[in-house]
Amino acid sequence: MSKPVILLADRLSPATVDALGSAYEVRHCDGTDRAELLAQVAAADALLVRSATRVDAEVIAAAPGLKVIGRAGVGLDNIDVPAATAAGVLVVNTPTANVVSAAELTCALLLAVARHVPQADATLRNGRWERGRFTGTELSGKVLGVVGLGRIGLLVAQRMAAFGMTVIAHDPHVAPERATAHGIEPVPLDDLLTRCDFLTVHLPKTAETLGLIGREELKKVKPSVRVVNVARGGIVDEDALYEALTEGRVAGAALDVYVTEPCTESPLFALDNVVATPHLGASTEEAQEKAGVFVARSVARALAGEPVAEAANAPERALSLRA
Ligand SMILES: NC(=O)c1ccc[n+]([C@@H]2O[C@H](COP(=O)([O-])OP(=O)(O)OC[C@H]3O[C@@H](n4cnc5c(N)ncnc54)[C@H](O)[C@@H]3O)[C@@H](O)[C@H]2O)c1
Ligand SMILES: O=C(O)CC[C@@H](O)C(=O)O
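In this text the structure is predicted, and so the values were computed from the model without any measurement.

## Here's the deal with the overall build of the protein
Step number 1: When you go through the protein residue by residue, the secondary structure sums to twelve helices and twelve strands.
Step number 2: For a compact globule of 323 residues, the expected C-alpha radius of gyration is about 20 Å, and the protein comes in at 21 Å, within 12% of that figure.
Step number 3: Across its three principal axes, the protein shows a C-alpha extent of roughly 70 × 50 × 30 Å.
Step number 4: Partitioning the intrachain contacts of the protein with sequence separation of at least 6 by distance along the chain shows that 58% fall at a separation of at least 24.
Step number 5: Of the charged side chains in the protein, 31 are positive and 39 negative; the average position of the first set lies 3 Å away from that of the second.

## Brief notes about the site of ligand 1
Step number 1: Around ligand 1, 27 residues are found, and the nearest of them are Arg 151, Ile 152, Asp 171, Val 230 and Asp 256.
Step number 2: The contact in question runs from an oxygen atom of ligand 1 to an N or O atom on the side chain of Asp 171, over 2.7 Å.
Step number 3: Separating a nitrogen atom of ligand 1 from a side-chain N or O atom of Asp 256 is a distance of 2.9 Å.
Step number 4: If ligand 1 stood free it would expose 870 Å²; the protein chains cover 89% of that surface.

## Here's the deal with the UniProt feature "domain: D-isomer specific 2-hydroxyacid dehydrogenase catalytic" (unreviewed entry) in the protein
Step number 1: UniProt's entry tags residues 6–313 with the feature "domain: D-isomer specific 2-hydroxyacid dehydrogenase catalytic" (unreviewed entry), counted in the numbering of this structure.
Step number 2: Note that residues 6–313 is 35% helix and 15% strand, and that its end C-alpha atoms are spaced 20 Å apart.

## Points about the environment of Val 236
Step number 1: Locating Val 236 in the fold gives a position in the loop between β10 (226–229) and α11 (238–246).
Step number 2: Considering only alpha carbons, one finds Val 236 and Leu 218, 18 residues apart in sequence, at a separation of 9.3 Å.
Step number 3: Leave out the neighbours within four places in its chain, and Val 236 touches Val 201, Ile 213, Val 227, Asn 229 and Leu 241.

## Description of the environment of Val 26
Step number 1: Here Val 26 shows up in strand β2 (residues 25–28).
Step number 2: In the structure, Val 26 is positioned 19 residues away from Leu 7 in sequence and 6.0 Å away in space, judged by C-alpha atoms.
Step number 3: Aside from chain neighbours lying at most four places away, what touches Val 26 is Ile 6, Leu 8, Val 17 and Leu 20.

## A few points about the pairing of strand β6 (residues 143–147)
Step number 1: The buried count for β6 comes to five of five residues, which makes it a mostly enclosed element.
Step number 2: Here β6 shows no split at all, with Val 143, Gly 145 and Val 147 on one side and Leu 144 and Val 146 on the other all buried.
Step number 3: The parallel pair β6 and strand β7 (residues 166–170) is bridged by helix α7 (residues 151–161), and the resulting crossover is right-handed.
Step number 4: Of the strand pairs in this sheet, β6 and strand β9 (residues 198–201) are connected by four bridges, and their pairing is parallel. Residue pairing across strands places Gly 145 opposite Leu 199, the latter belonging to β9.

## Structural notes on the sheet that holds strand β1 (residues 5–8)
Strands belonging to one sheet form pairs held by backbone hydrogen bonds; the direction of such a pair is parallel or antiparallel.
Step number 1: In space, the five strands of this open sheet follow the order β2-β1-β3-β4-β5, with parallel pairing throughout. Where the open sheet ends on each side, the last strands, each with one partner, are β2 and β5 (90–92). For this sheet, the mean inter-axis angle between neighbouring strands, taken without regard to orientation, is 20 degrees.
Step number 2: Pairing between strand β4 (residues 68–71) and β5: three bridges, direction parallel.

## Details of the packing of aromatic side chains
Step number 1: In this structure the tally under the stated criterion is one aromatic pair.
Step number 2: Centroid distance Tyr 258 to Phe 269: 5.6 Å. Interplanar angle 85 degrees. Geometry classified as edge-to-face. Of the two residues, Tyr 258 is situated in the loop between β11 (252–255) and β12 (274–276) and Phe 269 in the loop between β11 and β12; the sequence distance between them amounts to eleven residues.

## As for the site of ligand 2
Step number 1: Neighbouring residues of ligand 2: Arg 50, Ser 51, Arg 71, Gly 73, Val 74, Gly 75, Asn 98, Arg 232, His 279, Ala 282 and Gln 288.
Step number 2: A distance of 2.7 Å separates an oxygen atom of ligand 2 from a polar side-chain atom of Ser 51.
Step number 3: Calculation on ligand 2 without its partners gives an accessible area of 300 Å², and the protein chains cover 90% of this total.
Step number 4: Classifying every residue of the shell around ligand 2 gives two nonpolar, six polar and three charged.

## Considerations on the pairing of β11
Step number 1: Residues Gly 252 and Ala 254 point to one face of β11 and Ala 253 and Leu 255 to the other, with burial holding for every one of them.
Step number 2: Note that β10 and β11 share four bridges and pair parallel. From the neighbouring strand, Arg 226 faces β11, where its bridge partner is Gly 252.
Step number 3: Remark: the β10/α11/β11 crossover connection has right-handed handedness.
Step number 4: Sheet analysis places β11 next to β12, joined by three bridges and oriented parallel. Residue pairing in the sheet places Leu 255 in a bridge with Ala 276 of β12.

Scoring rules and cut-offs
- Residues numbered from 1 in each chain as written.
- Chains lettered and ligands numbered in written order.
- Predicted model: local features only at pLDDT ≥ 70, side-chain atom pairs only at ≥ 80, totals over all residues.
- Heavy atoms only, no water.
- Helix = DSSP H or I, 4+ residues; strand = E, 2+ residues; numbered from the N terminus.
- Rg over C-alpha atoms; globule rule 2.2 N^0.38 Å.
- Contact = heavy atoms within 4.5 Å.
- Lys, Arg positive; Asp, Glu negative; His and termini not counted.
- Charge placed at Lys NZ, Arg CZ, Asp CG, Glu CD.
- Near = heavy atom within 4 Å.
- Polar contact = N/O pair within 3.5 Å; in protein donor to acceptor, adjacent residues only side chain to side chain.
- Areas by Shrake-Rupley, 256 points an atom, 1.4 Å probe, with all protein chains shown as cover.
- UniProt positions renumbered as here; feature names shortened; annotations may be inferred.
- Buried < 20%, exposed > 50% of the residue type's maximum accessible area, 1.4 Å probe, protein only.
- Right-handed = clockwise from strand over helix to strand, strands pointing away.
- Pairing = 2+ DSSP bridges.
- Axes fitted to C-alpha atoms, helices over the stretch in contact; angles between N-to-C directions.
- Phe/Tyr/Trp six-rings, centres within 6.5 Å; stacked < 30°, edge-to-face > 60°.
- Nonpolar A, V, L, I, M, F, W, Y, C, P; charged D, E, K, R; others polar.

Here's what the structure looks like:
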């Protein structure tokens, strides 16, 4: 009897294949090559991706034998979950695998934007010793505004409190007592915008959160504010951010994520007060190994018809999805 086919469409940790073991036929493809993805997924029982592969209704329709889509990471915005559900395909992710790495990159970017680390490094490498140009600002004693107090937002809050920051947070879905229990003041979004010295967003990309920090919101912040986005491109509106940075209404920004990815050209990249990384939040050995192993285990459970706690759609129906 032939083995179930598991298609890996993004670059996943080698630990993923090790964790899957020998019960499956593991195939690889470049999920950003649409034609290749559509051709290869036709024979797949399971499809494993990171954030680069777009798994939309067309991909799901091209895969009549597909039973489970595994997302090695948190965000599900590259997967059409309703289309998968309608087709009886389970979607599983790894909600905890990379959150420490994403939080640590956020902290690194907060420090980098406060102290102009990449700009100073680039200047020195170009033979210029420009100490006067790179006077920064301390984090200690400043207010950090966290929008989205989920797993990553809380990890960032805890770490930055150790730097002496006062942390305030806005998250309508988190009980105020949960925030205060961690020494974080829960506040309405408008209060957060007017009070914070550093603003960081840790939200899923949804219809509600896209553009949440837009033109109007950026009119309310202090001109000294630094904005960090390690969540998803567009949660902080890129055009509005560019305007605010060039008009001196925002002092600096650090971005890991972009509306369109890969993103190699942006007016934001030309600004001295912007620090930019290419979606590296989850790019550590530890996060990728955990994401690969966790998603492999969940996919194996799904293929065996067992319930999967990390299912993002219809977990209670996991056993009744495609057999
Ligand atoms: N840059 C990266 O590589 C990287 C890595 C991991 C995760 N992420 C992104 O970070 C996001 C957050 O991850 P997480 O693990 O913290 O998720 P999470 O689900 O634990 O937390 C998200 C929080 O956002 C809150 N929220 C939702 N809508 C809101 C709104 N309108 N206003 C305020 N709060 C709102 C939720 O209540 C929740 O507490 C992910 O969805 C993903 O897109 C990026
Ligand atoms: O691993 C990646 O491709 C990034 C994943 C990250 O953005 C996430 O949402 O988990």
